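Summary of the model geometry
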Amino acid sequence: TPAGPFMLTSQARSFAQQSRLAITLAWVAGYTNIVSVLSCGVVVSHVTGAASSLGLHAVKSEWPAALFIFYVLATFFAGAGLSTLLTETGRRRGWESIYVLPMAFETLLLSVFAIGVELHDPEATAAGPALWVLTGAASAAMGLQNATITSISKGVVRTTHLTGVLTDFGSECARLLMGPAPHHTRADVDRPSPARVLLLASLLGSFMLGAVAGALAFGAFPRWSMMPPVAFLLW
């Protein structure tokens, strides 16, 4: 039987289990991302825009800015790599809950981010060393979460960015609108899936709900705004 509310065990393979896990964590990414934007002015849940900015800064010879963007990419990469190291460690040692350790590290990283947000002046955007610490912790946590959920779902779902989710959502909706394929076609490959559409819609909703909650929390109690997702992950 899967252990805990997240079902972070080696048996968390069914579509229902993967869906529940992804939906319950997508809001954490949306929440963390908006708090990072409001406190640091930096997006941390995905790196597509950061990679584009890196190229732009390099062309303009804006090397300090380019170095910082590279740092954001590197910390996301490091978080993803750490997730695999921790997961494989648990797998090779025969642990039942091989995904608990990476999620515990995500909690630790977001705790560092939360403490930084608490100590930082909420009226100012983070700069200097504080900017590097805050964005590094948050970006690494997002890379770690994304890699962990990708591993659990065998690459089926992602929780920290919506590009792939929205792409799949549009594709699945089109298939549903077209209806079942004729019997002589490969319907087993392209069969529309209402459950898949519901999952993708739920991921979109969960991420956006987290963003709204994060914005409201930062406006109401900026110094403590990261406490809800940290408490949720601890639970």
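Up top is the structure.
Residues numbered from 1 in each chain as written. Predicted model: local features only at pLDDT ≥ 70, side-chain atom pairs only at ≥ 80, totals over all residues. Heavy atoms only, no water.

**Overview of the environment of glycine 219**
Of note, glycine 219 is situated in helix α8 (residues 194-220). Of the residues examined, glycine 219 reaches a relative accessible area of 63% and is grouped as exposed. Note: C-alpha distance between glycine 219 and leucine 38 (181 residues apart in sequence) is 9.4 Å. (Helix = DSSP H or I, 4+ residues; strand = E, 2+ residues; numbered from the N terminus. Buried < 20%, exposed > 50% of the residue type's maximum accessible area, 1.4 Å probe, protein only.)

**Considerations on the packing of helix α6 (residues 163-178) against α8**
Relative orientation of the contacting elements α6 and α8 amounts to 145 degrees, with a least axis distance of 9 Å. The hand of the α6/α8 crossing is left-handed. Every residue of α8 that contacts α6 at Val165, Leu166, Asp168, Phe169, Glu172, Cys173 and Leu176 is listed here: Pro194, Arg196, Val197, Leu200, Ala201, Leu203 and Leu204. Across the contact of α6 with α8, the residue classes tally to 11 nonpolar, no polar and 3 charged. (Axes fitted to C-alpha atoms, helices over the stretch in contact; angles between N-to-C directions. Left-handed = near helix turned anticlockwise from the far one by under 90°. Contact = heavy atoms within 4.5 Å. Nonpolar A, V, L, I, M, F, W, Y, C, P; charged D, E, K, R; others polar.)

**Focus on unusual backbone geometry**
The phi torsion at serine 61 lies on the positive side, around 60 degrees, for a residue other than glycine. Here serine 61 lies in the loop between α2 (48-59) and α3 (63-92).

**Considering the pattern of salt bridges**
According to the stated counting rule, one finds 4 salt bridges in the structure shown. A salt bridge links arginine 92 to glutamate 88; the shortest N-O distance between them is 3.8 Å. Pair noted here: arginine 92 and glutamate 88 are both in helix α3, with a separation of 4 residues, about one helical turn. Counted as one network, the salt bridges with shared partners bring together Glu88, Arg91 and Arg92. (Salt bridge = Lys/Arg side-chain N within 4 Å of Asp/Glu carboxyl O.)

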